[in-house]
There are 4 protein chains.
Amino acid sequence: MKDILQSYQSVRQWTLDICEPLETEDYVVQPAAHVSPPKWHLGHTTWFFETFVLKPHKEGYKEFHSQYNYVFNSYYESVGARVLRTDRGNLSRPSVDDILQYRAYVDEEMESFLPSLEDDNLYSLIILGLNHEQQHQELMITDLKYILGHNPLFPVFSEKGLQKPETCSDEDDFVRKEEGVYEIGFEGTGFCFDNECNKHKVYLNPFEISKHLVTNIDFLHFIESGGYTDFKYWHSDGWAWVLENEIKAPLYWYEVDGEWKFYTLEGLKTLDLSLPVCHVSYYEAAAFAAWKGMRLPTEAEWEVAATDFDWGKRWEWTGSAYLPYPGFEKAPGAVGEYNGKFMVSQKVLRGASEATSPGHSRRTYRNFFQPYYRWQFTGLRLAK
Amino acid sequence: MKDILQSYQSVRQWTLDICEPLETEDYVVQPAAHVSPPKWHLGHTTWFFETFVLKPHKEGYKEFHSQYNYVFNSYYESVGARVLRTDRGNLSRPSVDDILQYRAYVDEEMESFLPSLEDDNLYSLIILGLNHEQQHQELMITDLKYILGHNPLFPVFSEKGLQKPETCSDEDDFVRKEEGVYEIGFEGTGFCFDNECNKHKVYLNPFEISKHLVTNIDFLHFIESGGYTDFKYWHSDGWAWVLENEIKAPLYWYEVDGEWKFYTLEGLKTLDLSLPVCHVSYYEAAAFAAWKGMRLPTEAEWEVAATDFDWGKRWEWTGSAYLPYPGFEKAPGAVGEYNGKFMVSQKVLRGASEATSPGHSRRTYRNFFQPYYRWQFTGLRLAK
Amino acid sequence: MKDILQSYQSVRQWTLDICEPLETEDYVVQPAAHVSPPKWHLGHTTWFFETFVLKPHKEGYKEFHSQYNYVFNSYYESVGARVLRTDRGNLSRPSVDDILQYRAYVDEEMESFLPSLEDDNLYSLIILGLNHEQQHQELMITDLKYILGHNPLFPVFSEKGLQKPETCSDEDDFVRKEEGVYEIGFEGTGFCFDNECNKHKVYLNPFEISKHLVTNIDFLHFIESGGYTDFKYWHSDGWAWVLENEIKAPLYWYEVDGEWKFYTLEGLKTLDLSLPVCHVSYYEAAAFAAWKGMRLPTEAEWEVAATDFDWGKRWEWTGSAYLPYPGFEKAPGAVGEYNGKFMVSQKVLRGASEATSPGHSRRTYRNFFQPYYRWQFTGLRLAK
Amino acid sequence: MKDILQSYQSVRQWTLDICEPLETEDYVVQPAAHVSPPKWHLGHTTWFFETFVLKPHKEGYKEFHSQYNYVFNSYYESVGARVLRTDRGNLSRPSVDDILQYRAYVDEEMESFLPSLEDDNLYSLIILGLNHEQQHQELMITDLKYILGHNPLFPVFSEKGLQKPETCSDEDDFVRKEEGVYEIGFEGTGFCFDNECNKHKVYLNPFEISKHLVTNIDFLHFIESGGYTDFKYWHSDGWAWVLENEIKAPLYWYEVDGEWKFYTLEGLKTLDLSLPVCHVSYYEAAAFAAWKGMRLPTEAEWEVAATDFDWGKRWEWTGSAYLPYPGFEKAPGAVGEYNGKFMVSQKVLRGASEATSPGHSRRTYRNFFQPYYRWQFTGLRLAK
């Protein structure tokens, strides 16, 4: 447990580093129900340590503010009432300064607490809290891209970007795997989320999976060949989503005077055709695959084959529904609400993205979202 | 192909038999978007044979009415515009008599066409049409139970009922299966839907599955122990559904002066505790299982073990998402829209119900609905 | 009070006469929240006599059905729970036959009760009930035009129509009135609604009011000159209504292959240019007047000048808000809910229409609707 | 025109004075569609002078930012596309600093332009712009009370308050006016809005109007006697509003442990019973009057009698609909959109409030809102 103080400080600092280019106003707004104001992320990740570590375990700890449990709880039903997700953007107070003071207060308390930590369970809980904060780091980048990318002034977040997105080969190059019994799921000594357990056997039919992600040029071909106007490539729900939302291209793509542009954290740019396509929903990913006469890989196929290709640039939609692995058990108490209760009506994504925090990815990592979301850095890889 | 005329006549007649106790007014209304007026079912099943068999294949066939394609198309995007599902209950015309004439006209044309039928593909298409009509027979019973069961007068549909629901043992009796590779999916010479193919191997961990369905008395215990008021048994979506719809019991259960009653096709009755529970959503089924410390079976587990228990009284929710089997291919053309495009955000049900038409069930049959629906004759069986 | 039996029979019969061309199915549907199924009108007008006359005043009267108070109450909050207006079209029962039996039962009871009637207040209440039924007669015609006119088959209600709509001069011919104090409101011995009282003085500035209604040809000019696409003629609410509902012409106007048609009770016809325009909202009426550089008359102007022009073909939108006259008092009890509680956010209409029942119109009659409705037989007359 | 520079500077400075106690975050949020973020008010009032004065009339004027016309337009359809009212709270940029720079830029340009002003029409337009800004000053206070008063932390806006609300006598003291012809409307040399013209005659019946506003103690009696739970005092729309929104007291009243508190700009306080009631909708005002057996005055009654009582503490709901006076004409162009297009479905308020800017009230001033709004400083006075 010796390194935990350093891990704590480094993860907590990264959150602040991400926010460095923001104006105060950018912390406040919530342009869609599924987007949270950055200042809420700052408070919520802090609330985790106050609620689950300091209050129950540090003797003499004095709560920072009696109302913050209400304001910064997210979906933990066990821990009392909470601000409705759609209301977060209506709260001008606590101010950003108030929340930064809250962070500093909790960090100081944690830093004096961690050196003497000896309880294994508590250690695991803190590691969970840091992984939780890393998830919110990625969400925060995702949300602020949404906030700035939906502003008619298209502000630049940072000229530097966070990580450079990398271009991607569009060679037609597939990994082939034979049929048989394989094993998937996490096993080992490091951290994993409960949804990655248990390691278990699956039977796979023979399959091929592309070594490369689908690129912007590929997706442009799909658009130009009428992919968004022919129902036959789409799931029924996907087609209804296209019609209702008048979807014509990935999120952040804008056709200006006949030329395709896309919004990036560095501002509005000419579409870079060689980048892996980003910000597509599961519906779009599946329709693209159908148009190609192929399909998305299952999560088991992806995990088995991932040793043979590069990944980490996009969260990649799989064809798999988000369901418990054999033997999955929820942890008792509020922390048990973490993953299991979302195991219906969502799809699994595998990989990681340019917004993923350093060290926060694994081959067995299971991300998950509803099929209509596309504000994440989501892309796809084909299988057949 | 010699028996097809008899099959045709028998299936078509069964539809009319179901309607026999209805008043004209009962054919017309649509009390919820997912419910269709019985007269629409009468027309739509007829439209199938006119559109896919008679118009393209019978020489000299004269369309009955030029507007009926528009009125009775359901979700076949390939075949032109269609009346929105939520608008069907607004149409007083065509009248029930008009539609019965339409049925008689199409039946006469089909009956003169079938004896000379020689084309295998066409034969398969007609068999598909008859299975399609059987599905609508069950839907029609489901819908008219909804129509009458939501009327404040609680009208009796039939004193006889359609099939007698059977009581169910509540012994604690499980089938146990060992881990290993099993095969599921349809193989053989009779009819199956495209979603049952291909037969393929799956790896199953050891599991146990109950020989008996969960009964009303079991569910009453769940209610009385606070199952509907404690979020910890529920999926996040399920809990939101409970709160928004103020769900407190299965559909058609009414607490009157402290006594539980339920609406049946024979009218409002005292709740029969020994019957298998019916009209529960996936959310409720999963919450019940969690409360019991168990889970729902996967569809593969169900199919493998179903040789060892009785089934057919309820459609049974499984834990499996409705997804394509390995090697699944959509048929070309409008008929290909049948199943594949629903393969997102739905759960698989296995079994059959008291409303299922004679002969219309198989161990490999995959029914599917969104997790929030419960107007079907749905129940559950536990696994662990 | 001697003629009341004859009045009763004649008004009650007229309701049935209107329904004569209907199919059973036409009685059942409710294609919009503000439209009631014809069978509901049949029951509700009967419920009025049962609830307010027979139950409290006829000794030994036995209620026809204990649930009908719930089913057929409309907005009388004093008289218990009621079926939500938007749910009426979901009820297949009571059937049309059930309701006709209910009418016959109540009529028989009323006919044996009326000859011995001596109470003045009760007499007035029954006269109110008959006027109430006449209002529902007009509503019933309005509603069934909506039901049939929104059916893709455009069914003919009656080849005869109810009353022949009359063509209308489009001469530019105005009545001029001098400024001064005038009197409006009802005074006399016959029946009037409470909202017509009291007769009172108003001060009018000099004004001119057209002798003729605006015609279809006038309105076509408005359409062709871009009236529906230029916000400057519209109220802010009206413009939002145009955009949200994509309004491009009066209700029941259809442009088919470049030719204007309109739905009438005799089916879909070529637009008759010489008829007074019908089925326009207040927003459209006011926008038309603004486009003409004129305005709608106030209700006081209309009433003062109505002795000098023909009226009775259309309900005519006025510029006046529906508000109480000086000294207006609600009647005590449920009957007092009749008019006063609607005196906010509605506009006054004056006149009568081709659907108005014989004898059911007066110069002082105040009809009223929200400004966005146009399923009534509404038109307009200009003032300046 | 000599004083216009001083007027300009004083009005513009007042806007900034109001904002002095705000945190940056408070400028950004929009907790309801009818509330605008304070920073939008700052920009919009500036946009008025840039768009209608500087751009068309000051030679060589250089627009501050090409996108600001889009961002800060409100409802002026003539002047191009505009940000949807419900989207204003989603925009983190332009930042508060950006907007303050915009104000400073426009103010400097105006200050160099005003001394040489000679055009009477332009003078009038600038005076209109200043009155427009004063309206937004009041709206800004109203909106920020909503923003802070709906925050669970109930922040203090200012310990000082803006103006001290004054207590109010509850003596039963009425002014009586005889029937006859009176004159209302604006006439004179100062500024008035177009909706106050023309001065014209009205006939009034004899009436009495209270010298005092209804107070919190009066309203508490209404609540305690069941005023919010008995439909008979309410308009039909009002009753639906009460039920749908679960209204139980004026806005900002909170019952905490059996004691009534109310939110003020100085924070959450014990309800001051002697203050005139504030933040009631027209529905509540009318229901209160009905419960008292009285009514609200018409706007003509109010204006005629206002010389005989004190007013200015509350905007007072009248029974009058907001309609044009005889001879009302819209100004040509965008400025003509100011008032006329709202003349449907709104009620007139008379008076002024503690949030009204100095000098911005007149006896003939016509304020107007939809009957369901109550975030304004609205109260009522009884008439009979």
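Residues numbered from 1 in each chain as written. Chains lettered and ligands numbered in written order. Predicted model: local features only at pLDDT ≥ 70, side-chain atom pairs only at ≥ 80, totals over all residues. Heavy atoms only, no water.

Moving on to the overall build of chain A. Scanning chain A from N- to C-terminus turns up nine helices and eleven strands. The C-alpha atoms of chain A give 21 Å as radius of gyration, which agrees with the globular expectation for 384 residues (21 Å, within 12%). Taken along its principal axes, the extent of the C-alpha atoms in chain A is 65 × 55 × 35 Å. Within chain A, the fraction of its 384 residues that count as buried is 61%. Counting contacts in chain A only where the partners sit at least 6 residues apart, residues at least 24 apart contribute 77% of the total. Averaged over its 37 positive side-chain charges, chain A has a centre that lies 3 Å from the centre of its 57 negative ones. (Helix = DSSP H or I, 4+ residues; strand = E, 2+ residues; numbered from the N terminus. Rg over C-alpha atoms; globule rule 2.2 N^0.38 Å. Buried < 20%, exposed > 50% of the residue type's maximum accessible area, 1.4 Å probe, protein only. Contact = heavy atoms within 4.5 Å. Lys, Arg positive; Asp, Glu negative; His and termini not counted. Charge placed at Lys NZ, Arg CZ, Asp CG, Glu CD.)

Time to look at the environment of Tyr 282 of chain B. Structurally, Tyr 282 of chain B is set in helix 8 (residues 282–291). The spatial distance from the C-alpha of Tyr 282 of chain B to the C-alpha of Gly 43 of chain B is 31 Å, given a sequence separation of 239 residues. Those residues in contact with Tyr 282 of chain B that sit more than four places away from it in its chain are Val 344 of chain A together with His 235, Leu 296, Trp 317, Thr 318, Gly 319, Lys 347 and Pro 371 of chain B.

For the pair chain D and chain C, the relating rotation is 180°, the translation along its axis is 0.0 Å, and the fit reaches an RMSD of 0.0 Å. Given the turn and translation reported, the copies of this chain are related as if by a two-fold rotation axis. When the interface residues of chain D are mapped onto chain C, 100% of them are again interface residues, pointing to one common binding face. (Least-squares fit on C-alpha atoms with pLDDT ≥ 70 in both.)

On the side of chain D, 28 residues touch chain A, which itself brings 28 residues to the contact. When the two sides are added together, the surface that chain A and chain D hide from each other amounts to roughly 2,400 Å², 60% of it contributed by carbon and sulfur. Of all residues in chain A, Glu 25, Arg 93 and Leu 153 of chain A give up the largest surface area on contact with chain D, accounting jointly for 30% of the area buried on that side. The tally of links between chain A and chain D comes to two salt bridges. Applying the counting rule to chain A against chain D returns ten residue pairs in polar contact (both at pLDDT 80 or more). When residues of the side of chain A that touches chain D are traced back to their parent elements, those giving at least two are helix 3 (68–72), helix 4 (96–113) and helix 5 (120–149) of chain A. Along the lines of polarity and charge, the residues of the side of chain A that touches chain D split into 13 nonpolar, ten polar and five charged. (Buried area = accessible area lost by both parts, 1.4 Å probe. Salt bridge = Lys/Arg side-chain N within 4 Å of Asp/Glu carboxyl O. Polar contact = N/O pair within 3.5 Å; in protein donor to acceptor, adjacent residues only side chain to side chain. Nonpolar A, V, L, I, M, F, W, Y, C, P; charged D, E, K, R; others polar.)

Facing the 32 residues of chain D at the interface are 32 residues of chain C. Looking only at chain D, the three residues that lose the most surface to chain C are Tyr 203, Phe 231 and Val 344 of chain D, adding up to 23% of its buried area. If you look at where chain D meets chain C, you find zero salt bridges. Here chain D is connected to chain C by four residue pairs in polar contact (both at pLDDT 80 or more). For the side of chain D that touches chain C, the elements supplying multiple residues, two or more each, are strand 3 (200–204), helix 7 (236–245), helix 8 (282–291) and strand 8 (315–321) of chain D. At four residues, the largest contribution of residues to the side of chain D that touches chain C is made by strand 3 of chain D. For the side of chain D that touches chain C, the residue count by class is 15 nonpolar, nine polar and eight charged.

On to the packing of helix 1 (residues 4–19) of chain A against helix 5 of chain A. Residues and elements named next belong to chain A. Closest axis-to-axis distance for the helix 1/helix 5 pair is 10 Å, and the angle between their directions is 15°. When the interaxial angle is binned, helix 1 and helix 5 end up roughly parallel. Regarding helix 1 and helix 5, the two cross each other, and that crossing is left-handed. Judged by residue contacts, Ile 4, Ser 7, Tyr 8, Val 11, Arg 12, Trp 14, Thr 15, Ile 18 and Cys 19 of helix 1 engage Tyr 123, Ile 126, Ile 127, Leu 130, Glu 133, Gln 134, Gln 137, Met 140 and Ile 141 from helix 5. (Axes fitted to C-alpha atoms, helices over the stretch in contact; angles between N-to-C directions. Parallel < 35°, antiparallel > 145°, perpendicular 65-115°, else oblique. Left-handed = near helix turned anticlockwise from the far one by under 90°.)

Another aspect to go through is the sheet that holds strand 11 (residues 378–379) of chain D. Pairing in this open sheet of four strands is mixed, and the strands run 10-9-8-11 (chain D) from one edge to the other. In this open sheet, the two strands that pair with only one neighbour each are strand 10 (367–369) and strand 11 of chain D. (Pairing = 2+ DSSP bridges.)

On to the sheet that holds strand 10 (residues 367–369) of chain C. Residue and element names in this part refer to chain C. With mixed pairing, four strands are arranged side by side in an open sheet as 10-9-8-11. Each having just a single partner strand, strand 10 and strand 11 (378–379) make up the two edges of the open sheet. Of the strand pairs in this sheet, strand 8 (residues 315–321) and strand 11 are connected by two bridges, and their pairing is parallel. Residue pairing across strands places Glu 316 opposite Gly 379, the latter belonging to strand 11.

Now for unusual backbone geometry. In the segment running from Arg 93 of chain B into Pro 94 of chain B, the intervening peptide bond is cis, with an omega of -5°. Structurally, the position occupied by Pro 94 of chain B is in the loop between helix 3 (68–72) and helix 4 (96–113). Cis geometry marks the peptide bond from Cys 197 of chain B to Asn 198 of chain B; its omega dihedral reads 0°. Here Asn 198 of chain B is to be found in the loop between strand 2 (180–184) and strand 3 (200–204). Positive phi, normally seen in glycine, also occurs at Ser 345 of chain D, with a value near 65°.

With that out of the way, let us pick up the relation of the copies chain A and chain D. Expressed as a screw operation, the relation of chain A to chain D combines 0.0 Å of axial shift with a rotation of 180°, fitting to an RMSD of 0.0 Å. The overlap is high: 100% of the interface residues of chain A also sit at the interface in chain D, so the same surface is used on both sides.

What follows is about the arrangement of the chains. Separated throughout, chain A and chain C approach each other most closely at a C-alpha pair spaced 15 Å apart. Over all C-alpha pairs, chain B and chain D never come within contact, reaching a minimum spacing of 15 Å.

This part takes up the packing of aromatic side chains. Evaluated as defined, the whole model comprises 153 aromatic pairs over all chains. Residues Phe 64 of chain D and Tyr 68 of chain D carry aromatic rings whose centres are separated by 5.8 Å and whose planes lie at 50° to one another, so their mutual orientation is tilted. For Phe 64 of chain D, a relative accessible area of 27% puts it in the partly exposed group. The buried category is assigned to Tyr 68 of chain D, whose relative accessible area is 3%. Counting every residue linked through ring pairs, the aromatic cluster contains Phe 219, Phe 222, Tyr 228, Tyr 233, Trp 234, Phe 288 and Trp 291 of chain B. (Phe/Tyr/Trp six-rings, centres within 6.5 Å; stacked < 30°, edge-to-face > 60°.)

All names here are of chain D. Between helix 6 (residues 216–224) and helix 8, the shortest axis-to-axis distance is 11 Å and the interhelical angle comes to 75°. As the angle between them shows, helix 6 and helix 8 are arranged roughly perpendicular. Residues Asp 218, Phe 219, His 221 and Phe 222 of helix 6 form the contact with helix 8, whose own contacting residues are Glu 284, Ala 287, Phe 288 and Trp 291.

Attention now moves to helix 5 (residues 120–149) of chain C. Residues and elements named next belong to chain C. Relative to the 44 Å expected for 30 residues at 1.5 Å per residue, helix 5 spans 43 Å between its end C-alpha atoms, a close match to the ideal helical length. The element helix 5 is extensively covered by neighbouring structure, given that 24 of its 30 residues are classed as buried. Where helix 5 starts, the residue carrying a side-chain oxygen 2.7 Å from the main-chain nitrogen of Asn 121 turns out to be Asp 119. (Expected span 1.5 Å × (residues − 1).)

This part is about the pairing of strand 7 (residues 267–270) of chain A. Residue and element names in this part refer to chain A. As defined by bridge partners, strand 6 (residues 259–264) adjoins strand 7 across four bridges and the pair is classed as antiparallel. Paired with Phe 262 across the two strands is Lys 269, which belongs to strand 7. Taken together, strand 6 and the strand that follows it, strand 7, pair antiparallel across an intervening segment of two residues.

The next thing to look at is the confidence of the model for chain A. Chain-level pLDDT for chain A is 93 on average; 95% of the residues reach the 70-or-more range. Across the predicted assembly, pTM comes out at 0.94 and ipTM at 0.94. (pLDDT = per-residue confidence, 0-100.)

So, on to the side chain of Ser 92 of chain C. Mapped onto the fold, Ser 92 of chain C is located in the loop between helix 3 (68–72) and helix 4 (96–113). One polar contact links Ser 92 of chain C to Asp 26 of chain B, side chain to side chain, over a distance of 2.6 Å. Each residue touching Ser 92 of chain C, except ones within four places of it in the same chain, is listed here: Glu 25, Asp 26, Val 29, Ile 147, Leu 148 and Asn 151 of chain B together with Lys 39 of chain C.

Before going further, it helps to spend a moment on the environment of Asn 131 of chain A. Residue and element names in this part refer to chain A. Looking at the secondary structure, you find Asn 131 in helix 5. Accessibility expressed as a relative area gives 9% for Asn 131, which makes it buried. Taking the C-alpha atoms as reference points, Asn 131 and Gly 359, 228 residues apart in sequence, are found 9.7 Å from one another. In this structure Asn 131 touches Phe 191, Phe 193 and His 360, once residues within four positions along its chain are discounted. One polar contact links Asn 131 to His 360, side chain to side chain, over a distance of 3.2 Å.

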